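A closer look at the structure
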Amino acid sequence: MKLGVAMFPTDYAIRPAELGRLAEEHGFESLFLPEHTHIPASRRTPYPAGGALPREYSHTYDPFVALATVAEVTDRLRLATGICLVVERDPIVTAKEVASLDHLSDGRFLFGVGAGWNREEMENHGTDPHRRFSLMRERIEAMKAIWTQDEVEYHGEHVSFDPIWSWPKPVQDPHPPVLVGGNGEKVLDRVVAFGDEWMPNLGLTDLDDVARRVEELQRKASEAGRDEIPVTGSAAPRDPEAIERLREIGFHRLVWYVRPEPRDDVARKLEKLAGLVGEFQAA
């Protein structure tokens, strides 16, 4: 099983490059960085986990900039967005960022994507929250076309452009894996339609429900003529029995969150998690 770590990369915590160095030294397979371009001051949309919104949400670095610094100081660590809010991003620019990072890291990028939960944040980018899922699909389809074709055009309801050229192309063939995040009712259909993996938040569901949904995902994949779809678990539990159960369910990667704190505090937490990495990643 592959094991990764995730952290909100903030301006007051350990620097992303140092976090990446420590993660690689401790044997983690991947580093996931989430994204919020900003947090609306109105706070009209409630925080999904309940209570006050944690400080880190409004203090994050751009994930592509942060991961580029990690790429320069690591050799093996997979670099991932977890998640990139594609409904708040121009698809041509984002396709360029993904391809650039994959190229500069020698093919180590994982493209975790999602539609987000903060409605005011989306609206500030001109996105209608009620149309965000169809918008996400078109933007990802357009990016895939840019990555895999020398001359490409795309014409959809939300995204439309005449023939363009855009290099570099990603190192990974045909492109970096697209990990579709989410726990919603229709997320499995989105994974089958345009994703390479499913990435549910394990902190928002129980293992029995997760097992049922993984089974449903593979049934839908088979019906669509696809091979078995890998599953990555975000906000994973740290209990060895739960980890073993998730492996039996079919997860091939689990990702643990670490709070954004100063270097020494994060280093201690990663060292503590390293025991689980050694036990389960080699198995």
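Everything here concerns the structure above.
Notes on the structure in this doc start here. Owing to the predicted nature of the structure, the values given are computational and were not obtained by experimental measurement. (Residues numbered from 1 in each chain as written. Predicted model: local features only at pLDDT ≥ 70, side-chain atom pairs only at ≥ 80, totals over all residues. Heavy atoms only, no water.)

**Points about the nonpolar core**
- In this structure, Phe28, Phe111, Phe251, Leu254 and Trp256 are the most contacted members of the largest nonpolar core, which totals 74 residues.
- If you look at the next biggest cluster of nonpolar residues, it comprises seven residues, including Ala6, Phe32, Ala80 and Met199. (Core = buried A, V, L, I, M, F, W, Y, C linked by side-chain atoms within 4.5 Å. Buried < 20%, exposed > 50% of the residue type's maximum accessible area, 1.4 Å probe, protein only.)

**A few points about the side chain of Arg213**
- Considering the arrangement of structural elements, one finds Arg213 in helix α7 (residues 207–223).
- An unpaired buried charge is present at Arg213: no salt bridge exists, and Glu216, the closest side chain of opposite charge, is 4.6 Å distant.
- Only 2.8 Å separates the side chain of Arg213 from the backbone oxygen of Gly184, close enough to count as a polar contact.
- The contacts of Arg213, once residues within four sequence positions are left out, are Asn183, Gly184, Glu185, Val187, Leu188 and Trp198. (Helix = DSSP H or I, 4+ residues; strand = E, 2+ residues; numbered from the N terminus. Lys, Arg positive; Asp, Glu negative; His and termini not counted. Salt bridge = Lys/Arg side-chain N within 4 Å of Asp/Glu carboxyl O. Polar contact = N/O pair within 3.5 Å; in protein donor to acceptor, adjacent residues only side chain to side chain. Contact = heavy atoms within 4.5 Å.)

**Looking at unusual backbone geometry**
- Cis geometry marks the peptide bond from Trp167 to Pro168, where omega comes out at 5 degrees.
- Summarising the element assignment, Pro168 is placed in the loop between β6 (160–164) and β7 (178–181).
- At the junction of Asp173 and Pro174, the peptide bond is cis and its omega measures out at 5 degrees in the coordinates.
- Position of Pro174 among the secondary structure elements: in the loop between β6 and β7.
- With a phi close to 55 degrees, Arg43 is a non-glycine residue in the positive phi region.
- Summarising the element assignment, Arg43 is placed in the loop between β2 (30–33) and α2 (63–73).
- Here Asp106, not a glycine, exhibits a phi torsion of approximately 60 degrees, which is positive.
- Of note, Asp106 is situated in the loop between α3 (91–104) and β4 (109–114).
- Residue Asp106 is classed as exposed on the basis of its relative accessible area of 65%.

**Some thoughts on the pattern of salt bridges**
- Taken as a whole and assessed by the stated rule, the structure comprises 20 salt bridges.
- The partner of Arg253 in a salt bridge is Glu29, and the shortest N-O contact between them spans 2.9 Å. Note that Arg253 is positioned in strand β10 (residues 253–257) and Glu29 in the loop between α1 (16–25) and β2, a separation of 224 residues in sequence.
- Judged by relative accessible area, which is 1%, Arg253 ranks as buried.

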